[in-house]
Amino acid sequence: MKRIALVLLSSFVFLLILSILPLPIPPYLDFQVIYHADMGLLRGIPIYDHAGQVNMIAALAHVSPEQVYILPFPYPPWYALVTLPLALLPITIAARLWFGLNLLMLFASVRLLTDGWEPRKRLASFPVAFFFWPILGSMFVGQYNFPVLLGAALFAYSLQNQKVGLAAVAAALLTFKPHLGILVLLIGLVYLLFRRDEFSRRALFYILGAGVFLFLIGFLADHAWPLNYLHSLLAFQRDSSVSSCGLCASLPVALISIFGGQSNFVLASLIGLAILIILLLWLGLSRRIVFRDASIAIAMAILVTLLSSPYLLNYDFILLILPFFLLAGRAHTLFEWSVMIFAYLLPFIALDIWYRQGNFVLLISTFILLLLLFRNIRLLDGASKAAYNPLATE
């Protein structure tokens with residue numbers, strides 16, 4: 001308990017200092033989406049009432065509603081409820097506080113992913129994670145991916161160490177951005193179903209309880225949130241910048257561009273579904289050991305998500321940190337380390353040269369890690385078969 005209290009106190013002091021320091025964190029980039037949704041919620045405007053939010057911002061800025069451009073809120077209602085206190089602060093302070101919270105979630109994720117490592121390697125892992133290009137960009141604009149990263153790291157840790165309560169918390173965090181976390185959650189549930197032991201039964205019960213809790217508190221943010229959330233997502237997708245997905249860094253959109261097609265969200269979704277089915281069949285039919293190791297299962301789910309999801313921005317690739325650290329913890333050869341270092345540095349080089357046009361390198365890094373992880377799985381599978389081969393010589 002003393003250790004937990006010390007961590008909480010240290011985190012509070014850290015956030016307090018960050019909120020006071022005049023850090024050059026821009027408040028009117030991605031962060032303003034959640035901030036304005038929370039502002040509206042404090043004023044009695046449901047989070048999926050897009051017109052109400054536009055009118056509120058217009059009134060605050062002393063402009064006409066036609067001059068206000070904001071996207072419909074695309075996140076589950078509990079994301080707004082959890083971040084509601086931020087709207088009690090001026091936006092510049094709130095943006096710095098959000099930066100600090102994201103930094104804490106990143107460091108907590110790294111700590112979980114490096115559990116059992118040597119102290120020096122563990123200490124070096126923090127700057128390695130922070131300076132990964134997608135994480136630097138996400139921190140700067142105030143993106144919303146860090147709860148999902150923490151959820152994935154916590155899910156892998158809790159399943160490996162049989163922590164029932166932490167598994168439920170991790171499952172809840174994975175729902176904060178469903179298009180990133182849902183496959184990770186589903187793969188984790190499949191892993192628990194395959195275990196068929198007391199821990200898996202208790203974990204499934206707690207996760208179900210967490211899901212019911214989130215569903216119910218969602219009505220505090222919007223009295224008809226399941227239906228209005230769906231309408232908000234559809235309105236979000238109809239926006240020209242989203243439907244054309246011109247800034248997307250996803251494989252489906254890249255394939256459409258390669259073959260000279262016009263980027264289209266519906267077509268990209270169909271291609272993404274096909275990629276998802278192919279990858280899951282390849283993994284499920286060829287390497288069932290995936291579902292005997294929680295960390296491998298979670299890492300594989302992340303890689304499949306990043307290769308199949310139709311709507312991905314370069315910030316979403318912060319999730320690559322999990323398979324990076326999983327592989328780093330198991331790497332033993334110069335070849336493995338060389339390939340991982342190349343995959344880590346590639347985004348820095350390409351994005352510095354081509355800017356957003358270099359987003360495709362993130363897919364290359366993802367595919368490299370997928371091949372490395374599959375190689376690791378194949379070696380584990382071979383060792384497992386040899387260990388249980390009754391004809392093997394001693």
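Here the structure is shown first, and the text comes after it.
In what follows, the accompanying structure is described. (Residues numbered from 1 in each chain as written. Predicted model: local features only at pLDDT ≥ 70, side-chain atom pairs only at ≥ 80, totals over all residues. Heavy atoms only, no water.)

Focus: the overall build of the protein chain
Move 1: Summing up its helical and strand segments, the protein chain has 19 helices and zero strands in all.
Move 2: The C-alpha radius of gyration of the protein chain comes to 22 Å, within 12% of the 21 Å expected for a compact globule of 394 residues.
Move 3: Considering only C-alpha atoms, the protein chain reaches an extent of 80 × 60 × 40 Å along its principal axes.
Move 4: Put simply, the protein chain has 394 residues, and 50% of those count as buried.
Move 5: Summarising the internal contacts of the protein chain: among those between residues at least 6 apart in sequence, 72% fall at separations of at least 24.
Move 6: As displayed, the protein chain offers around 19600 Å² of accessible surface, 71% of which is attributable to carbon and sulfur atoms.
Move 7: Distance between charge centroids for the protein chain: 9 Å, based on 23 positive and 16 negative side chains. (Helix = DSSP H or I, 4+ residues; strand = E, 2+ residues; numbered from the N terminus. Rg over C-alpha atoms; globule rule 2.2 N^0.38 Å. Buried < 20%, exposed > 50% of the residue type's maximum accessible area, 1.4 Å probe, protein only. Contact = heavy atoms within 4.5 Å. Areas by Shrake-Rupley, 256 points an atom, 1.4 Å probe, with all protein chains shown as cover. Lys, Arg positive; Asp, Glu negative; His and termini not counted. Charge placed at Lys NZ, Arg CZ, Asp CG, Glu CD.)

Examining a nonpolar patch on the surface
Move 1: On the surface, a cluster of nonpolar side chains totalling about 750 Å² of accessible area is made up of Trp337, Ile341, Leu345, Ile349, Ile353, Trp354, Phe360 and Ile364.
Move 2: Elements that contribute at least two residues to the nonpolar patch include exactly helix H18 (334–354) and helix H19 (360–387).
Move 3: For the nonpolar patch, the element with the highest residue contribution is H18, accounting for six residues.
Move 4: Checked against the element boundaries, tryptophan 337 lands in helix H18. (Patch = residues over 30% accessible without salt bridge, like charges linked within 9 Å, V, L, I, M, F, W, Y side chains within 5 Å. Salt bridge = Lys/Arg side-chain N within 4 Å of Asp/Glu carboxyl O.)

Digging into the packing of aromatic side chains
Move 1: Scanning all chains against the criterion turns up 24 aromatic pairs.
Move 2: Here the aromatic rings of phenylalanine 130 and phenylalanine 131 are separated by 5.1 Å at their centres, their planes lie at 85 degrees, and the arrangement is edge-to-face.
Move 3: Judged by its relative accessible area of 45%, phenylalanine 131 is partly exposed.
Move 4: Each ring, one from phenylalanine 215 and one from phenylalanine 219, has its centre 5.3 Å from the other, and the planes form 85 degrees; the classification is edge-to-face. Within this pair, phenylalanine 215 and its partner phenylalanine 219 are both found in helix H11 (residues 198–221), separated by four residues, close to a single helical turn.
Move 5: Residue phenylalanine 219 is classed as partly exposed on the basis of its relative accessible area of 33%.
Move 6: Cluster of aromatic residues (ring-pair linked, three or more members): Tyr48, Phe73, Tyr75, Trp78, Tyr79, Trp98, Tyr144, Phe176, Phe215, Phe219, Trp225 and Tyr229. (Phe/Tyr/Trp six-rings, centres within 6.5 Å; stacked < 30°, edge-to-face > 60°.)

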